[in-house]
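Here's the letter readout for the chains.
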There are 2 protein chains.
Amino acid sequence: MEVVADEFASSQATNDQDYVVTPWQVKGNVDYDKLVEQFGTSRITDELLHKFKKITGEIHPYLKRKIFYSHRDLDWILNRYEAGEEFFLYTGRGPSENVHLGHLIPWIFTKYLQDKFGAELYFQFTDDEKFLLGTKPSIDSAKKSAYDNLLDLIALGFDPKKTFVFIDTEYMETMYPIAARIAKHITLSMEKSIFGFENSTNVGMIFFPTIEAATCFLPSVLKGKNIPCLIPAAIDQDPYWRGIAREVAPKLGFYKPAQIHCKFMPGLGQGGKMSASQPETAIFTTDSPNVVEKKVLSSFTGGRATVEEQRKLGAQADICPVYHYYYYLFEENDKELERIYNDCTSGTLLCGDCKAMLAERVKEYVIKHQEKREKAREIVDEFIVADVRGGLKKRSTISRG
Amino acid sequence: MEVVADEFASSQATNDQDYVVTPWQVKGNVDYDKLVEQFGTSRITDELLHKFKKITGEIHPYLKRKIFYSHRDLDWILNRYEAGEEFFLYTGRGPSENVHLGHLIPWIFTKYLQDKFGAELYFQFTDDEKFLLGTKPSIDSAKKSAYDNLLDLIALGFDPKKTFVFIDTEYMETMYPIAARIAKHITLSMEKSIFGFENSTNVGMIFFPTIEAATCFLPSVLKGKNIPCLIPAAIDQDPYWRGIAREVAPKLGFYKPAQIHCKFMPGLGQGGKMSASQPETAIFTTDSPNVVEKKVLSSFTGGRATVEEQRKLGAQADICPVYHYYYYLFEENDKELERIYNDCTSGTLLCGDCKAMLAERVKEYVIKHQEKREKAREIVDEFIVADVRGGLKKRSTISRG
């Protein structure tokens, strides 16, 4: 679902800002506050955090730190939950060569929600999207990446009993009829205004948004009852939910899917999110410890030109990816994080030491993740829903038991 | 595949003609010669008929009578066949409440081609199209019609070993990846110019043409080798093959599908093709003998105002649907047909007698068809390819034998 491509970007960018956020492109220094207004989402208020605490007994660091900071109908879904109505989780990925740490953020939080709310997760790999966009040369290569990326997902510890993974092109007998019901209510002009599609857009991409939206209603269709849906995902995916799924839901008699939106983990360069297209500034889950160390030690920082200057003025943690790595993933303890921030900005902690400390933590994280990733290979089939393709077998030859 | 709907008609009609032929609408008195020029197809020449005779030992009445009159690459496919390369047949139907005799014409000829060339037939029911166009209120109702219409197909005697029937929404795991490969090469502007789609068109209809085109390559994909395709169908479907399948074939490494096009059997009213939307002038395969008789006896004819006038001037067989019924389906013997024509135009045969004779033949045909149609129920599964939907079963629970 998260992709970098130039095709549809131009029509979404406006002149008075230096960033672009669409489902296919995120670039520049994103103004997250402005995005909330632009997309018409809501900020997660203190009141909402208290409701979370009331239910889960705690406030997850991602919520406290406003990494997950925006939502649609989160209050509604928590109220429903308190009243005894369970919801399911939906998130996904546009499969690509490498999963990086930034991709893990929404998944880690999704796993947390699954644990705390006992919720089923429906996870969609959009191999068709990657092929239709042209970021993958063939469906097979996109599918291959999906199977590889899936190992990262499983490594995070999702409950196989409650997790249903599918790859679009292998699950279309189930998905297409739902997508068609959605598509009937979505005109070309609606999609043009949501996604900026043009006459040169291929007709596969024009149909695709209905497939991504279909998962919002999948469990309701399969189980024959209306089940609330909560989508934890980066905020760039919002147009799908705002423009397609939420638009169509009442017409099909389904609940509008609720969302909880996160920010993008930054890359190790100066500004911008972590991106596989800049591999030197992204930590991939399959990077060797040596590579991880090299990347972290080569990171841009908020440091000053000289040690003397830094001792005097302190460094700039707020613009420093190294600090943000602690913030996002490598220092859960708020007091410790505060100490790093203070030591940095007061000039006590120098960038070299700070990077060396982070490098150790990232290496340790990646090594452990890779162990779990290898073990995941054995249980892939416990996550993927069946894809028994019909081929040319006649029904009369198939056991219907 | 053959549908009557107004949505896309306007952009296809031109001012200097009084008919409209699009995949979704056929109306007025079609000028078939003009269509050949308009669509850029080729007429079936005497040379081609001789080639047919050389291979099959005969010339089918539909060819002799130019009911099948136009083609693309038919010469190529017959040459290939003579050189030892087999082809497959592809045709289909947009399922609707009732199959009428006009629908049977291309199927009867397809069955003949299957017998003579030993060719496999791939038959597509486009339930999705009917739903997306709005002629069916739900996918389920379109699917229900498909299962019903299938009985008419089977009743014609197709070889179950060589006939593969599928209903789009039940076969998407196989079809969608092929459609996506096609869709990647088809832009919105291409489709706009082929089909006249507009901003108000729903995005399902915009994707749909790639699904209809996908069947042209289905056996090649499933069998892993390039197999020539011959599509026997009414000429209104040509835009799919011309604009989508033939356009994309070389880009995907497939043969361009060949086609053989038929005219429309007329309705029993004055002018126009047989159409389910004018039930009083269409003979449905499920009509009771009484209803058949009533419809035929109420037919418009080429008769004169009075018996005297008709005895003197003769009737006008060329504009008479009753005569056309003999021509299309109820008098295979050319000499007998000629006799009817001469007796009609010379004033010997009066319309009442002619209609009564036809009514008997149509009744007899329909009664026999209905018997075969009932027997067909028992062997449906020998025709339909498997549609084992995945649902939420995990792969680990599925036997992969």
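Scroll up for the structure.
(A) Region of interest: the side chain of Thr163(B). Residue and element names in this part refer to chain B. You can see Thr163 is positioned in strand S7 (residues 163-167). Classification of Thr163 by relative accessible area gives buried; the value is 0%. A polar atom in the side chain of Thr163 sits 3.0 Å from the side chain of Gln114.

(B) Geometry of the sheet that holds strand S8 (residues 229-234) of chain A. Residue and element names in this part refer to chain A. Within the open sheet, the seven strands sit side by side as S3-S4-S9-S8-S5-S6-S7. Their pairing is mixed. Each edge of the open sheet carries a strand with a single partner, namely strand S3 (42-43) and strand S7 (163-167). Strand direction decides the pairing type here: strand S6 (residues 121-125) and S7, joined by five bridges, are parallel. Within the sheet, the bridge partner assigned to Phe125 lies in S7 and is Ile167. Most of the contacts of helix H1 (residues 32-39) go to strand S4 (residues 68-72), to which it runs at about 5°, and overall it touches S3 and S4.

(C) A look at the sheet that holds strand S4 (residues 68-72) of chain B. All names here are of chain B. Pairing is mixed across the open sheet formed by seven strands, whose spatial order is S3-S4-S9-S8-S5-S6-S7. Since the sheet does not close on itself, it has two edges, and those belong to strand S3 (42-43) and S7, each with one partner. As defined by bridge partners, strand S8 (residues 229-234) adjoins strand S9 (residues 258-262) across five bridges and the pair is classed as parallel. Bridge pairing in S9 places Leu230 opposite Ala258. On the sheet, helix H1 (residues 32-39) packs against S3 and S4 and is oriented at approximately 5° with respect to S4. Set on the sheet, helix H5 (residues 101-117) makes contact with S4, strand S5 (88-93), strand S6 (121-125), S7, S8 and S9; between it and S5 the angle comes to about 160°.

(D) Spatial organisation of the environment of Pro321(A). Residues and elements named next belong to chain A. If you trace the backbone, Pro321 turns up in helix H15 (residues 321-330). Note on Pro321: relative accessible area 3%, which makes it buried. As for Pro321 and Glu371, which are separated by 50 residues in sequence, their C-alpha atoms are 26 Å apart. In this structure Pro321 touches Gly267, Leu268, Gly269, Ser299, Phe300 and Thr301, once residues within four positions along its chain are discounted.

(E) Focus on the packing of aromatic side chains. Scanning the model with the defined rule gives 57 aromatic pairs over all chains in all. Judged by centre distance (5.8 Å) and plane angle (50°), the rings of Tyr176(B) and Phe207(B) are tilted. Of this pair, Tyr176(B) sits in helix H8 (residues 172-183) while Phe207(B) sits in helix H10 (residues 203-214), and the two are 31 residues apart along the sequence. Assigned by exposure class, Tyr176(B) and Phe207(B) land together as buried. The positively charged end of Arg242(A) is found above the aromatic ring belonging to Phe39(A), 4.9 Å away from the centroid.

(F) The arrangement of the pairing of S4(B) in detail. All names here are of chain B. By the criterion of burial, S4 is predominantly enclosed, with five of the five residues buried. In the sheet, S4 pairs with S9 via four bridges, with the strands oriented antiparallel. By the bridge assignment for S9, Arg72 is matched with Gln259.

(G) Expanded view of the nonpolar core. Within the largest apolar cluster, 94 residues are counted, with the highest numbers of intra-cluster contacts made by Ile182(A), Cys216(A), Phe217(A), Ile182(B), Cys216(B) and Phe217(B). What Phe217(B) contacts, discounting residues up to four positions off in sequence, is Ile178(B), Ile182(B), Ala245(B), Ala249(B), Phe254(B), Tyr255(B) and Pro257(B).

(H) Main features of the packing of helix H13 (residues 289-297) of chain B against helix H17 (residues 351-376) of chain B. All names here are of chain B. The contact between H13 and H17 brings their axes to 9 Å, and the two run at 150°. Here H13 lies roughly antiparallel to H17, going by the angle between them. Every pair of crossing elements has a handedness; the one defined by H13 and H17 is right-handed. In contact with Pro289, Val292, Glu293, Val296 and Leu297 of H13, H17 contributes Lys355, Ala356, Leu358, Ala359, Val362, Lys363, Val366 and Ile367. Class assignment for the residues of the contact of H13 with H17 results in 10 nonpolar, no polar and three charged.

How each quantity is defined
- Residues numbered from 1 in each chain as written.
- Chains lettered and ligands numbered in written order.
- Predicted model: local features only at pLDDT ≥ 70, side-chain atom pairs only at ≥ 80, totals over all residues.
- Heavy atoms only, no water.
- Helix = DSSP H or I, 4+ residues; strand = E, 2+ residues; numbered from the N terminus.
- Buried < 20%, exposed > 50% of the residue type's maximum accessible area, 1.4 Å probe, protein only.
- Polar contact = N/O pair within 3.5 Å; in protein donor to acceptor, adjacent residues only side chain to side chain.
- Pairing = 2+ DSSP bridges.
- Contact = heavy atoms within 4.5 Å.
- Axes fitted to C-alpha atoms, helices over the stretch in contact; angles between N-to-C directions.
- Phe/Tyr/Trp six-rings, centres within 6.5 Å; stacked < 30°, edge-to-face > 60°.
- Lys NZ or Arg CZ within 6 Å of the ring centre and 35° of its normal.
- Core = buried A, V, L, I, M, F, W, Y, C linked by side-chain atoms within 4.5 Å.
- Parallel < 35°, antiparallel > 145°, perpendicular 65-115°, else oblique.
- Left-handed = near helix turned anticlockwise from the far one by under 90°.
- Nonpolar A, V, L, I, M, F, W, Y, C, P; charged D, E, K, R; others polar.

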